[in-house]
Amino acid sequence: MARSAASASDGPRKRDETRSADDDASTDGLTGPPALSVERLTKRFGDGDDAVTAVDDVSLAVERGSVVGLLGPNGAGKTTLIKCALGIVVPDAGSVRVFGNDVGDGRRAAYADVDAMLEGARNDYWRLTVRENLRYFATISGVDPDSVAARHDRLLDRLDLADKADTPVRDLSRGMKQKVSLASVLAGGAELVFLDEPTLGLDVESARTLRAELRRLAVEEGLTIVVSSHDMTTIEAVCDRVVMLSNGRIVADDSVEALLGAAASDAVRVASPDLDAEAVAGLREAFEVLDVDREARPPAVTVAAGGDRLYDLTDALRAAGVTVSDIRTVQPDLEEVFLERTGSDLGAPSGGDRR
Amino acid sequence: MSADTSPPEDPGGAAAAEPGDGVRPDDEPRPATYYHLARAVLYREFLIFVRYPANAIGGIVVSLFFFAALFLGGQLLAGQALADSIEGIVVGYFLWTLSVGAYSSVSNDIGSEVQWGTLERHITTPFGFAPVALLKGVAKVVRTFLTSAVILAVMLLATGTRLSLAPVTVVAVAGLSIVSVLGLGFAAGGVTVLYKRIGNWLNLLQFGFVGLISAPVFDLPWTRVLPLAHGSAMLQRAMVDGTRLWEFPPADLALLVAVAGGYLAGGYLVFQLATRRARRLGVLGDY
């Protein structure tokens, strides 16, 4: 989408064209500074013994046009990080730049290009119709609504809301309200969009539609999207890159493939009716047995046997007279990667439950 | 609201079309000017007013009910004494409904927007919150004038009272009087952002307006610097004695403007400080 409105010189969307050297350093040859650049950001809530460090010395750069997931349990600091980037939480230390504009001082210039759908927020006016909301919030974000009317129609079409354009939001289903909320965030042409738990509370079907739409919007409109969630399905489906947060710190930051690849442990699951106690004991002597599932039909063992060790495993199974009914490598998911890196699982809140 | 004020003579923003950006021309987003902002904010208030008339009608009915209780009860208790001062009571009550309308619509509005998650979208607007808040305030005042005009008409008919209703004088004096209350509304809204529960208690402040409206400005001249007090005395003279706006001493008019501006600025400052603190505490945008 056009950044031209933002760069037009009059009107409140005037931007600060001065760039500092460190912006350019982190752009990897792309034009201009990254969409989001967070440096050594720290935010504590409360004081004394009750103090909770929600974000702890986090540095992060998000390139234009990428879709980045923030994955972590409740209380990991995802929402605080987002609110700092929006300027609605003031950090204790560090800085946040949006397209090169410091959210801390040149605030208004930074606001023009960023918007967010925050968890639990309705984000729009339920007493207005869908289209009235889009027009209102486009204006508030500094865009003349008449100039983007066609865009709004496209957006409504895409989100399957065209039929409901003139319906008050309060009369829509929950899934549709969520989509209107998203549409109102996109209506103003923000190019960096934060979505905090966008699929929370949606039924399976609505969540799937929303995920597909997010992906499409990112590609077709060239948006930079930061999705925060503790739901790895959303993150895996939508994001190119995942930043894992735990207790306010980044514990992993890589592409989805790389994270899954690195964790692509060497675990192999073998199922066979011949896997009795004796056979398992035999395997334990030569291999690291990760899991034994006697309840499965047929019983199964998970063995660490990456690379050439797989041949050793099949040899050992043949020697023990085990006829294999099924053998597969165990595919890790982000949940396991997170578990591996932090020792805690995504469902468990980390630290205080401060969002 | 500084150097980035948009040119008002360019409402379409057409001159802002940016060359060389390689974007489809049919879809070129143009920057919104303050004209667009004003239109959007006022139009939203208008839509909600006409689409949900029950709120306004409910307010009118409740106000009239209280007035009826006051009037009929007063007749029983005070008899002729009330009849002699009925004009003053009608004017005072009119100003009170205006004040309560302006105050509660602003403070409740801020409270609702906090709940809906729309407040921070107005705070993080590239326009800055001040023009948005001022425009919303203007919309609330206009709306309140409409409902209070209905209440005034019913009061006049029911009591058979005659008052001077020179529109320019009444709107100017009453309008400036309640601008000070608008400031209190912003302050209360700011406090609500920080301490959500206190917000409800602040609604009780509107009963204090009765004291301000009937403040003894002649015996205690210093009370004129309180919100409403000086404006209330002027409104009495305008509506009961028929004094026109230009017949007031310039000093009185100056004080009216100064009190209005002072409380509005003060209230906005409190709101600013409160939201700044909320940002630091991380409570802005907590639902």
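Along each chain, residues carry numbers from 1 onward, in the same order as the chain's sequence is written. As they are written, the chains are lettered A onward and the ligands numbered 1 onward, keeping that order. The predicted origin of the model limits local features to residues at a pLDDT of at least 70 and limits the giving and counting of side-chain atom pairs to 80 or more, whereas totals for whole chains, interfaces and linings rest on all residues.

Overview of the sheet that holds strand 1 (residues 36–45) of chain A
All names here are of chain A.
- Reading across the sheet, the 4 strands line up as 2-1-4-5 and stay open at both edges, with antiparallel pairing between neighbours. Of all the strands in the sheet, just strand 2 (52–62) and strand 5 (101–102) have a single pairing partner and so form its edges.
- Two strands pair when backbone bridges link them, and strand 4 (residues 93–98) and strand 5 are joined in this way by 2 bridges, in the antiparallel orientation. Within strand 5, the residue paired with Val 98 across the bridge is Asn 101.
- Against the sheet, helix 3 (residues 78–86) touches strand 1, strand 2 and strand 4, its axis set at about 115° to strand 1. Strands are treated as partners if at least two bridges between them are detected by DSSP. Runs of H or I in DSSP of at least four residues are treated as helices and runs of E of at least two as strands, each being numbered from the N terminus. Any residue pair is listed as a contact if its two C-beta atoms, each placed from the backbone, are within 7 Å. To define axes, lines are fitted to C-alpha atoms, for helices over the stretch in contact only, and angles between the resulting N-to-C directions are given on a 0 to 180 degree scale.

So, the pairing of strand 12 (residues 288–293) of chain A
Residues and elements named next belong to chain A.
- Direction of pairing for strand 12 relative to strand 13 (residues 300–304): antiparallel, over a ladder of 5 bridges. Residue pairing across strands places Asp 293 opposite Ala 300, the latter belonging to strand 13.
- Counting the residues between successive antiparallel strands, the hairpin from strand 12 to strand 13 contains 6 residues.

Re the sheet that holds strand 7 (residues 192–196) of chain A
All names here are of chain A.
- In spatial order, the strands read 6-7-8-3-9-10; together these 6 strands make up an open sheet with mixed pairing. Each edge of the open sheet is held by one strand with a lone partner, namely strand 6 (114–117) and strand 10 (249–255). Taken over all neighbouring pairs, the strand axes of this sheet differ in orientation by 15° on average, direction set aside.
- Bridge analysis of strand 9 (residues 241–246) against strand 10 gives 6 bridges, and the strand direction is antiparallel. Bridging from a neighbouring strand, Ser 246 pairs with Arg 249 of strand 10.
- Here helix 7 (residues 174–187) sits on the sheet and contacts strand 6 and strand 7; the angle it forms with strand 6, its principal contact strand, is near 175°.

Structural notes on the UniProt feature "transmembrane region" (unreviewed entry) in chain B
Residues and elements named next belong to chain B.
- UniProt positions are given in the numbering used here, feature names are shortened, and annotations may be inferred rather than shown by experiment. According to UniProt, the "transmembrane region" (unreviewed entry) feature falls on residues 52–72, 145–165, 171–194, 201–218 and 253–271.
- Helix makes up 95% of residues 52–72 and strand 0%, whereas the separation of the span's terminal C-alpha atoms amounts to 31 Å.
- Its end C-alpha atoms 13 Å apart, residues 145–165 is made of 71% helix and 0% strand.

Details of unusual backbone geometry
- Look at the link from Arg297(A) to Pro298(A): it is a cis peptide, with omega at -10°.
- Non-glycine residue Leu228(B) carries a positive phi angle of around 75°.

Thoughts on helix 8 (residues 204–221) of chain A
Residue and element names in this part refer to chain A.
- For helix 8, which comprises 18 residues, the first-to-last C-alpha distance of 25 Å matches the rise-based estimate of 26 Å (1.5 Å per residue) to within 8%.
- In this scheme every C-beta is placed from the backbone, and a residue whose C-beta has 20 or more other C-beta atoms within 10 Å is buried, one with 12 or fewer is exposed, and one in between is partly exposed. All buried positions along helix 8 are accounted for by Ala 207, Leu 210, Arg 211, Leu 214, Leu 217 and Ala 218. Summarising the axial view, the buried residues of helix 8 lie within an arc of 130°, below the 170-degree limit, and thus occupy one face. Residues of helix 8 that are exposed and point more than 90 degrees away from the buried face comprise Glu 205, Ala 212, Arg 216, Val 219 and Glu 220.
- Those residues of helix 8 hidden inside the fold are in contact with strand 3 (67–71), helix 7, strand 8 (224–229) and helix 9 (232–238).
- Downstream of helix 8 by one or two residues, Gly 222 has phi in the positive range, about 65°. To estimate how far a helix should reach, multiply one less than its number of residues by 1.5 Å. Along the arc lie the directions from the helix axis toward the C-beta atoms.

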